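Topology and contacts: notes
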Amino acid sequence: MCTRKPALRFILVLLSLLLVLKFNVATEIEDELEELLAVDEEVEREADGGGDKLSEAEVLSKAQRIVIELNNDNTERVVNGNEFVLVLGYAPWCPRSAELMPHFAEAATSLRELRIPIVMAKIDADRYPKPASFLGVKGFPTLLLFVNGTSQPYSGGFTADDIVIWTRKKTGTPVIRISSEVEAEQFLRKYQKFVLGQFDKFEGPDYEEFVSAAKSDNEIQFVEVNQVELAKVLYPAIKPTGRFLGIVKSEPERYTAYDGAFTVNKILEFVDYNKFPLVTTLTEMNSIRVYASPVKLQVLVFANIDDFKILLDPLQDVARTFKSKIMFIHVDIDDENLAKPFLTLFGLEESKNPVVAAFNNGMSSKYLLESKPTQSNIENFCNNLLQGSLSPYFKSQPVPDNTEASVHVIVGKTFDDEILSSKKDVLLEVFTPWCINCEATSKQVEKLAKHYKGSSNLMFARIDASANEHPNLQVNDYPTLLLYRADDKANPIKLSTKSGLKELAASINKYLKVKNVKDEL
């Protein structure tokens, strides 16, 4: 930390002591509170006076000095001795913690510059498990706001701006009031997305509902003006009606006006349906908010960065047509952590070409565009999705050749023909490659198939449930043995996989009239 002039240091020490006395905090954390208030003025003057601009590393280092490090000795004193404390619980080995920490530090700098009365603190929960447990840190990273010693979970976004907006709302500033054109222009330079409220007077039922909505929302900055001229700086197309609400975003669909009743629930619903871009790029940071969207129909476009640039313009045109009805999400297909879990659901985890898929989160159904991702094909796909006329997608391996197989391999595409429509009795083994006990069951099925080889009315089959799906095959335990009788395919009989060969054969003979059995078990 740079050296300060004695007079400045003396003033800062006095401020620190006053805070300590006010909140009855032990004198041991005086230095920490002083650091919270301190400004590296010498460094800032050098930068402002034409010196070299602070590097990103220097900015981060400076920001991190503002954040108090909690430990075994100071945790309870800090959270109980201050009105507002935002705590980041982290683990050094956690990638998400490493990703969040610089955003947290940057937010601490912004909040200090805004003079928001909050202490920003962090704790290495690995190193200090006891105070971390006292705070309620159970996973990494965890953000918790303490208000007079009582904690509440953090529910905002995870960029520095998200943290600042959420914190300002929770510490008493849910709405920013703008009173001049200069302030409006400064606001526009800082905020890329916001909700504007224009009222003749900052009072009355409509205004109170607006403020309540601002308090309830956890993500977007709300701003208010009482002059149409100022409102036009923020929202050029505004009409002078005396009362207005709209959302502004830095994307092609920049302005969206609200035309509903001024009630908290209706305003929040409008914000929820309009806060995302026409096409949202999924990241680790925004994933929770994306998944929580009230728009239940979601179209996901899996494509690498170059392919997505080509698709973006036509995709935005489609998204504009279905705005507020279908959410459009881009997932970088090269990002395994984000893309692979989704692509695995379609059996396309190795795909490198663009994939367009859809989900109905309300019904847990999934759909796949099986034609080229052109604008017209995507638009037709979305129309059918919205109308409910798309057939759900069930993944399937390629159709195998079972000509010489004693145990037929069934895939999603052949389940109807070989199991449900077949006139034979079928014993089906349902397995997964990662199942520990499946191999032993498979060997038993092989022996049973050999034993019943001469039977013309009994077929043995198996299906890999990790790579194949069918709406009539709902199995959660592996391995599973299902006996489909020729005269009642809708009600398969579940056989015990813990039974020996003779017991399984006895069960088969009990339920079926098997012909031409010669081999002994």
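Residues numbered from 1 in each chain as written. Predicted model: local features only at pLDDT ≥ 70, side-chain atom pairs only at ≥ 80, totals over all residues. Heavy atoms only, no water.

For clarity, the threshold we go by: UniProt positions are given in the numbering used here, feature names are shortened, and annotations may be inferred rather than shown by experiment.
Where an unreviewed UniProt entry is consulted, the chain appears under the name protein disulfide-isomerase, with the organism given as Vigna angularis var. angularis. Quoted straight from UniProt, the Function (unreviewed entry) entry for the chain says "Acts as a protein-folding catalyst that interacts with nascent polypeptides to catalyze the formation, isomerization, and reduction or oxidation of disulfide bonds." What the UniProt record of the chain gives under Catalytic activity (unreviewed entry) is the line "Catalyzes the rearrangement of -S-S- bonds in proteins."

1. Some words on the environment of isoleucine 68
Under the convention used in this document: Going along the chain from the N terminus, every DSSP run of H or I of four or more residues is numbered as a helix, and every run of E of two or more is numbered as a strand. Burial classes follow relative accessibility: with a 1.4 Å probe on protein chains only, a residue under 20% of its type's maximum area counts as buried, one over 50% as exposed, and anything between as partly exposed.
Residue placement: isoleucine 68 occurs in strand β1 (residues 68–69). Residue isoleucine 68 is classed as buried on the basis of its relative accessible area of 4%. With 52 residues separating them along the chain, isoleucine 68 and methionine 120 place their C-alpha atoms 6.3 Å apart.

2. Side note on the packing of aromatic side chains
When we look at a pair of aromatic rings, we describe it by the centre distance and by the angle of the planes. Selection rule: When the centres of two rings from Phe, Tyr and Trp lie within 6.5 Å, Trp using its six-membered ring, the rings pair. Their planes under 30 degrees apart give stacked, over 60 give edge-to-face, and anything left gives tilted.
A full pass over the atoms with the stated rule returns 23 aromatic pairs. Between phenylalanine 346 and tyrosine 393, the aromatic rings sit 5.5 Å apart at their centres with planes inclined by 35°, giving tilted as the arrangement. In this pair, phenylalanine 346 is assigned in the loop between α15 (336–345) and β14 (355–360) and tyrosine 393 in the loop between α16 (375–387) and β16 (407–410), connecting sequence segments 47 residues apart. The class for phenylalanine 346 is buried, based on a relative accessible area of 2%. Through successive ring pairs, a cluster of aromatic residues spans Phe199, Phe202, Tyr207, Phe210, Phe222, Tyr258, Phe262 and Phe270.

3. Observations regarding the layout of surface pockets
What counts, and what does not: As defined here, a cavity is a set of points on a 1 Å grid over the protein atoms alone where a 1.4 Å probe fits but cannot get out. A pocket is an open set with protein on both sides within 12 Å along at least five of seven lines, and residues line them when an atom is within 4 Å of a point. Grid points are joined across faces, edges and corners, and a volume is the space filled by probe spheres set on the points. Lys, Arg, Asp and Glu make up the charged group, whereas Ala, Val, Leu, Ile, Met, Phe, Trp, Tyr, Cys and Pro make up the nonpolar group; the residues left over, Gly among them, are polar.
Taken as a whole, the second largest pocket encloses approximately 640 Å³ of empty space. If you go around the second largest pocket, you meet 25 residues; those closest to its centre are Thr159, Asp162, Gln192, Lys193 and Arg289. Elements with a contribution of two residues or more to the lining of the second largest pocket: α8 (160–170) and β11 (279–281). Looking at which element gives the most residues to the lining of the second largest pocket, the answer is α8, with four residues. Considered class by class, the residues forming the lining of the second largest pocket number seven nonpolar, nine polar and nine charged.

4. Examining the packing of helix α18 (residues 438–451) against helix α19 (residues 501–511)
We apply this condition: Only C-alpha atoms enter the line fits that serve as axes; for helices the fit covers just the stretch in contact. Angles between N-to-C directions range over 0 to 180 degrees. Convention used here: angles under 35 degrees read as roughly parallel, angles over 145 as roughly antiparallel, angles from 65 to 115 as roughly perpendicular, and any remaining angle as oblique. By the definition used in this description, the sense in which the near helix is turned from the far one sets the handedness, with an anticlockwise turn below a right angle giving left-handed and a clockwise turn giving right-handed. Note on definitions: a residue-residue contact is assigned when non-hydrogen atoms from the two residues lie within 4.5 Å.
Contact geometry of α18 with α19 gives a least axis separation of 11 Å together with a crossing angle of 55°. The orientation of α18 with respect to α19, classified from their angle, is oblique. Between α18 and α19 lies a crossing whose hand is right-handed. On α19, the residues that touch Gln444, Lys447 and Leu448 of α18 are Leu501, Leu504, Ala505 and Ile508. Split by residue class, the contact of α18 with α19 holds five nonpolar, one polar and one charged.

5. Things to note about the sheet that holds β1
Sheet strands pair by backbone hydrogen bonding; their relative direction is either parallel or antiparallel. Formally: Any two strands are treated as partners once DSSP identifies two or more bridges connecting them.
The strand order across the open sheet formed by five strands is β1-β3-β2-β4-β5, and the pairing between neighbours is mixed. Each edge of the open sheet carries a strand with a single partner, namely β1 and β5 (150–153). By the bridge criterion, two bridges tie β1 to strand β3 (residues 119–124) in an arrangement that is parallel. Considered in β3, the bridge of isoleucine 68 is made with alanine 121. Contacts from α8 reach β2 (84–90), β3, β4 (142–147) and β5, with the element oriented near 145° to β2.

6. Considering the pairing of strand β13 (residues 327–332)
So the rule is basically this: Clockwise travel from the first strand over the helix to the second, with the strands pointing away from the viewer, marks a crossover as right-handed.
Counting buried positions along β13 yields five of six residues, so the element is predominantly enclosed. Here three bridges tie β11 to β13, and the two strands are oriented parallel to one another. When the sheet's bridge partners are listed, threonine 280 is paired in β13 with isoleucine 329. As paired strands, strand β12 (residues 297–303) and β13 are joined by six bridges and run parallel to one another. Residue pairing across strands places valine 299 opposite phenylalanine 328, the latter belonging to β13. After leaving β12, the chain enters helix α14 (residues 305–321) and then returns to the sheet as β13, a path that is right-handed.

7. As for the packing of helix α6 (residues 95–113) against α8
Contact geometry of α6 with α8 gives a least axis separation of 8 Å together with a crossing angle of 50°. In terms of orientation, α6 lies oblique with respect to α8. Judged by the sense of rotation from one axis to the other, the crossing of α6 with α8 is right-handed. Residues Leu100, His103, Phe104, Glu106, Ala107, Ser110 and Leu111 of α6 form the contact with α8, whose own contacting residues are Ala160, Ile163, Val164, Thr167 and Arg168. Its residues assigned to classes, the contact of α6 with α8 comprises seven nonpolar, three polar and two charged.

8. Structural notes on α16
Just so we agree on the cut-off: To estimate how far a helix should reach, multiply one less than its number of residues by 1.5 Å. Taken from the helix axis, the directions to the C-beta atoms give the arc we talk about.
Taking 1.5 Å per residue as the helical rise, α16 with its 13 residues ought to reach 18 Å, and the 18 Å between its terminal C-alpha atoms agrees with that figure. Ile378, Phe381, Cys382 and Leu385 are the residues of α16 that are buried. One face of α16 carries all of its buried residues, which in axial projection span an arc of 95°. Against β12, α14, β13, β14 and β15 (365–368) lie the buried residues of α16.

9. Brief notes about empty space enclosed by the protein
The condition that has to hold: All domain edges in this entry derive from an automatic or database-based domain assignment.
Enumeration according to the criterion identifies four cavities of 30 Å³ or more in this entry. Size it by volume and the largest cavity reaches roughly 160 Å³. Lining of the largest cavity is provided by 16 residues; of these, Tyr273, Phe276, Pro277, Ser324 and Ile326 occupy positions nearest its centre. Broken down by secondary-structure element, the contributors of at least two residues to the lining of the largest cavity are α12 (264–274) and β13. No other element matches the three residues that α12 contributes to the lining of the largest cavity. Of the residues that make up the lining of the largest cavity, three or more belong to each of domain 2 (173–273) and domain 3 (277–385).

10. Describing the state of the cysteines
Convention followed: Two cysteine sulfur atoms make up a disulfide if the distance between them is within 2.5 Å.
On inspection of all chains with the given rule, the structure shows one disulfide. Covalently, cysteine 435 is tied to cysteine 438 through a disulfide, its sulfur atoms 2.3 Å apart. Residues cysteine 435 and cysteine 438 are joined by a disulfide whose S-S torsion is about 95°; by sign, that bridge is right-handed. Among the residues examined, cysteine 435 registers a relative accessible area of 13% and is labelled buried. Taking relative accessible area as the criterion, cysteine 438 reaches 3% and is therefore assigned buried.

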